Amino acid sequence: MSANNPLKPSQRMKIPRQDSIEQPPEVRSVNFLEVSYGFDEERALLESQRCLECKQPYCTDGCPVGIDIRGFIDLVVQKDYVGAVRKIREANYLPAICGRVCPQESQCESLCVMGKKLSPVAIGKLERFVADYEMKNSLFTPPLIGTQRPEKVAIVGSGPSGLTCAAELAQRGYQVTVFEALHAVGGVLRYGIPEFRLPKEILDLETDRIKALGVNIYTNFVVGRTATIDELFDEWGFKAIFLGTGAGTPTFMGIPGESLSGVYSANEFLTRVNLMGAYKFPQNDTPIRVGKAVGVIGGGNTAMDAVRTSKRLGAEKAYLIYRRSREEMPAREEEIHHAEQEGIEFLLLTAPLRILGDKNNWVCAMECQKMELGEPDESGRRRPVPLKGSEFTLPLETVIEAIGQKPNPIIQATTPGLETSKRGTIVTNDRQKTSREGIFAGGDLARGGATVILAMKDGKEAAAAIHDYLESNGRTSG
Amino acid sequence: MFPIIDKKVLAPTITRLDVSAPFIARKRKAGNFVMVRVEEGGERIPLTIADGNPSKGTITLIVQAIGGTTKLLCSKNRGDALLDVVGPLGNPTPIGNHGIVACVGGGVGTAELYPIARALKEAGNRVLTVIGARSGELVILEKEMAECSDRTFVTTDDGSYARKGFVTDQLKDLLEDPPGVNAVYAIGPLPMMKAVANLTRSYGVETLVSLNTIMVDGTGMCGGCRVTVAGQMKFACVDGPEFDGHAVDFDELMMRNRTYIEMEKVSDHKHVCRLSGAIQEAAS
């Protein structure tokens, strides 16, 4: 037991889990400001004192990037917030982002000993608090960079896996260049996750910190088109390449009516709003049209983001349409809870059949069918089975499909010898190595659709593998 | 930033911009396009690359001022810079030796057709070019097209220049006259490409069209550019932009392209006001 926390375990257990400060639902559902303000110092200190400082810190086992959680919380107890965020940054270079979007409830916090009988320590909110503290008070200093090394490494994609890989390699002294296809950095953190969950200002600051490590970032550069992977090796002189291009290609259900005006993929809808700022039309030029009634199809975090965004854009009725029940939803509990608070109507056990249009080719309704849950399928979740005669028509003016994404095919199509799976993902071994020498991959491009933190884990592991690769032999052949 | 190296007004609403974009200039092929964002807060719009000069590091864009963003773009001058230009995107045009090919360009589509006609000529084809425009003053690149074509024909809707009529009138003659035409490349407004495809279908002549669709990113991410081709959903940005004209559902695409028509008017008005404001300011 550390001497820093004066409380006995029994006293610690008496402190209730602290709630973060949030905008009231009726206020936030019509603005794009961040939903949660996180902890103030008082709450952070109280929460940190709840940590039992277990000899065996199971919480760290639940963290994909292995943050020394007990260690950073102990620094919070001592009010050394900057020390705490530096401790986190040893394992994770993007704490302000992870503190906001990580599914802590199924990772670190799910293994917290406090959580067995009481509520787990709010590890995610503490992570966010120390990251925000450092940011608000401009206390960031770049970590020490290892001896400069001559080898150039290319990172393709500036999402969570790419940024993490870049930060790790730059700290090891490599010459790192990131290539981003869009005009702004961040990948899914930029175009996918809305402002009200992850303010773009936070992303910009975290990006600046990566640039502070000497990382060079090219935006407007589509690897596979502007230059191919082989050109990056042969003409640009990169010795290793990490691919982190994510899963950005939308899938559509294939039901009638998907070509109607007013039907969006969640990707298009969110990209218009998040990347292009369509919520500020006509101040910004990119338009978006949201009807009075919006239906979002899907049950994941992307569906939650899209339906909550549509509410903020003025939808009077915002429905989430999901073919299984609430229990099977892949979205984070916090997001589902926030959506419910904001007045999103959940149409569960409901599957769309076709989208109907008016004479101007605009969506006017969607025909749906009620489902019931049958036997578990290969995913282990109970399979939805249609209920005969349960068809009904739901008046809608906007339909958003959030049923999953797959990897963008451009790099696979332009890089000979890169093994891909049937799902279009890049095949990697346990060290993120692909079938081509010198090429590594991670994040959704390899996983097919996972979380920000798992992408970061891959980026981190790939950086270690690239380091070993360049240390041992470097690139001998294409 | 991507500086504008040269500018030339080709017709009352059509402007040619040479833009410094060295990586793109090196890689671009006929049929490729770029996504352009003129300034902060602006839209991303797709523009076909009309030409390129790898040694100078420039690409040529030919822009018709029809909406807010294109008007803004046409108001830019040498020395100004475009905020974002990314590419080359889309699949290059498949250039084969068909024997006799007809290149049919409507309006500003002629600019997109130009690099294709040149590549077809270089591939050994006999190139018959048909340029169509609403009126004589909107005919562009006639000289350039003539240089890479074996024969060049012009039609205008109002008969103010060359043959009065539509490109399909001229194309029909070419299809009818022995030895006919083996393949058609048509680029222009959707109704024109639809009319061309309908005409050539009855002659069984393969016809490639280049589709302009709603697009946000241009790299396969948004799906806004989806079109139905032979009953399948395709993304114009990564599967196209060129498709078999006989298999494209033009009516559906024309309806989809009207999605933002009301909002485009608002955006257009904003830019016109701002541009005329700037002009007034400069004059005062």
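Definitions and limits used
Residues numbered from 1 in each chain as written. Chains lettered and ligands numbered in written order. Predicted model: local features only at pLDDT ≥ 70, side-chain atom pairs only at ≥ 80, totals over all residues. Heavy atoms only, no water. Core = buried A, V, L, I, M, F, W, Y, C linked by side-chain atoms within 4.5 Å. Buried < 20%, exposed > 50% of the residue type's maximum accessible area, 1.4 Å probe, protein only. Contact = heavy atoms within 4.5 Å. Pairing = 2+ DSSP bridges. Helix = DSSP H or I, 4+ residues; strand = E, 2+ residues; numbered from the N terminus. Axes fitted to C-alpha atoms, helices over the stretch in contact; angles between N-to-C directions. Phe/Tyr/Trp six-rings, centres within 6.5 Å; stacked < 30°, edge-to-face > 60°. Lys NZ or Arg CZ within 6 Å of the ring centre and 35° of its normal. Buried area = accessible area lost by both parts, 1.4 Å probe. Salt bridge = Lys/Arg side-chain N within 4 Å of Asp/Glu carboxyl O. Expected span 1.5 Å × (residues − 1). Lys, Arg positive; Asp, Glu negative; His and termini not counted.

Some remarks on the nonpolar core
The nonpolar side chains of soluble globular proteins are, as a tendency, buried together.
Then step 1. Formed by 71 residues in total, the largest nonpolar core has its most connected members in Phe72(A) and Ile97(A).
Then step 2. The contact partners of Ile97(A), leaving out residues within four places of it in the chain, are Leu189(A), Leu198(A), Ile202(A), Leu203(A), Glu206(A), Val452(A) and Met456(A).
Then step 3. Within the second largest apolar cluster, 41 residues are counted, among which are Met192(B), Ala197(B), Leu211(B) and Leu253(B).

Some details on the sheet that holds strand S3 (residues 152-156) of chain A
Residue and element names in this part refer to chain A.
Then step 1. Strand order in the open sheet formed by 5 strands is S5-S4-S3-S6-S18, with parallel pairing between adjacent strands. The strands lining the two open edges of the sheet, one partner per strand, are strand S5 (216-218) and strand S18 (439-441). Neighbour-to-neighbour, the strand axes of the sheet open up by a mean angle of 20 degrees, direction not taken into account.
Then step 2. With 4 bridges joining them, S3 and strand S6 (residues 240-243) adopt parallel strand pairing. Each bridged residue has a counterpart across the sheet, and for Ile155 the counterpart in S6 is Phe242.
Then step 3. The strands touched by helix H10 (residues 160-171) within the sheet are S3, strand S4 (175-179) and S6, with S3 carrying the most contacts at an inclination of about 165 degrees.

Notes on the environment of Leu387(A)
Then step 1. Of note, Leu387(A) is situated in the loop between strand S14 (382-386) and strand S15 (392-395).
Then step 2. When residues no more than four places from it in sequence are discounted, the contact partners of Leu387(A) are Gln369(A), Lys370(A), Met371(A) and Glu372(A).

Quick look at the packing of aromatic side chains
Two aromatic rings, taken as a pair, are described by how far apart their centres are and by the angle between their planes.
Then step 1. Following the criterion strictly, the structure yields 19 aromatic pairs over all chains and no others.
Then step 2. When the ring of Trp236(A) is compared with that of Phe23(B), the centres are 5.2 Å apart and the planes differ by 50 degrees; the resulting orientation is tilted. Of this pair, Trp236(A) sits in the loop between helix H13 (229-234) and S6 while Phe23(B) sits in helix H1 (residues 22-27), on two different chains.
Then step 3. Among the aromatic residues, those joined into a cluster by ring pairs are Phe179(A), Tyr218(A), Phe221(A), Trp236(A), Phe238(A) and Phe23(B).
Then step 4. Just above the ring of Tyr93(A) sits the side chain of Arg89(A); from NZ or CZ to the centre is 5.7 Å.
Then step 5. Above the face of the Phe238(A) ring, Lys152(A) is positioned so that its terminal group lies 4.8 Å from the ring centre.

Here we look at unusual backbone geometry
Then step 1. Of note, the amide linkage connecting Phe281(A) to Pro282(A) takes the cis form, showing an omega dihedral of 5 degrees.
Then step 2. Checked against the element boundaries, Pro282(A) lands in the loop between helix H14 (266-275) and strand S9 (293-297).
Then step 3. With omega at 10 degrees, the peptide bond leading from Gly240(B) into Pro241(B) counts as cis.
Then step 4. Secondary-structure assignment places Pro241(B) in the loop between helix H7 (236-239) and strand S16 (242-244).
Then step 5. At Asn361(A), a position not held by glycine, the phi torsion is positive, near 70 degrees.
Then step 6. In this fold, Asn361(A) is placed in the loop between strand S12 (350-357) and strand S13 (363-376).
Then step 7. Of note in this structure, Ala162(B) is not a glycine but carries a positive phi near 55 degrees.
Then step 8. Relative to the elements of secondary structure, Ala162(B) occurs in the loop between strand S10 (151-156) and strand S11 (163-164).

A short note on the interface of chain B and chain A
Size of an interface: often given as the accessible area lost when the parts come together.
Then step 1. Contacts between chain B and chain A engage 43 residues on the former and 46 residues on the latter.
Then step 2. A combined buried area of about 3800 Å² lies between chain B and chain A, and 56% of that area is made up of carbon and sulfur atoms.
Then step 3. Of all residues in chain B, Met221(B), Tyr260(B) and Met263(B) bury the most surface against chain A, accounting for 17% of the area lost on that side.
Then step 4. Inspection of the chain B/chain A interface yields 2 salt bridges.
Then step 5. Its salt-bridge partner being Glu235(A), residue Arg26(B) comes within 2.8 Å of it at the nearest N-O pair.

Regarding the pairing of strand S1 (residues 2-11) of chain B
Residue and element names in this part refer to chain B.
Then step 1. Note that S1 and strand S6 (residues 81-82) share 2 bridges and pair antiparallel. When the sheet's bridge partners are listed, Pro3 is paired in S6 with Ala81.
Then step 2. Both S1 and strand S2 (residues 14-20) contribute to a ladder of 6 bridges, which runs antiparallel. For Lys8, the partnering residue across the bridge sits in S2 and is Arg16.
Then step 3. Between the end of S1 and the start of S2, which pair antiparallel, lie 2 residues.

Here we look at helix H9 (residues 123-136) of chain A
All names here are of chain A.
Then step 1. The end-to-end C-alpha distance of H9 is 20 Å, a good match for the 20 Å that 14 residues give at a rise of 1.5 Å each.
Then step 2. Counting buried positions along H9 yields 12 of 14 residues, so the element is predominantly enclosed.
Then step 3. Residues of H9 that are buried include every one of Ile123, Gly124, Lys125, Leu126, Glu127, Arg128, Phe129, Val130, Ala131, Asp132, Glu134 and Met135, and no others.
Then step 4. Downstream of H9 by a residue or two, Ser138 has a phi angle that is positive, lying close to 50 degrees.

Examining helix H12 (residues 200-211) of chain A
Then step 1. Here H12(A) contains 12 residues, and its C-alpha end-to-end distance of 16 Å stays within 8% of the 16 Å for a straight helix at 1.5 Å per residue.
Then step 2. Inspection of H12(A) places Lys200(A), Ile202(A), Leu203(A), Glu206(A), Thr207(A), Arg209(A) and Ile210(A) among the buried residues, and these make up the whole buried set.

Focus on the sheet that holds strand S8 (residues 263-265) of chain A
Whether parallel or antiparallel, the strands of a sheet pair through hydrogen bonds between backbone atoms.
Residue and element names in this part refer to chain A.
Then step 1. What the 5 strands build is an open sheet, ordered S8-S16-S9-S10-S11; its pairing is parallel. Each edge of the sheet is formed by a strand with only one pairing partner; in this case those strands are S8 and strand S11 (345-347). When strand polarity is set aside, the average angle formed by the axes of neighbouring strands in this sheet is 20 degrees.
Then step 2. In this sheet, strand S16 (residues 398-401) lies alongside S9 in parallel orientation, the contact comprising 4 bridges. Following the sheet pairing, Ile297 is matched in S16 by Glu401.
Then step 3. Its contacts with the sheet place H14 against S8 and S16, and it is angled at close to 85 degrees to S8.

Structural notes on the side chain of Glu252(B)
Then step 1. Inspection of the secondary structure assignment puts Glu252(B) in helix H8 (residues 250-256).
Then step 2. Despite being buried, Glu252(B) has no salt bridge partner; Arg256(B) is the closest side chain of opposite charge, sitting 6.3 Å away.
Then step 3. Residues in contact with Glu252(B), not counting those within four places in the same chain, are Ser259(A), Val227(B) and Thr228(B).

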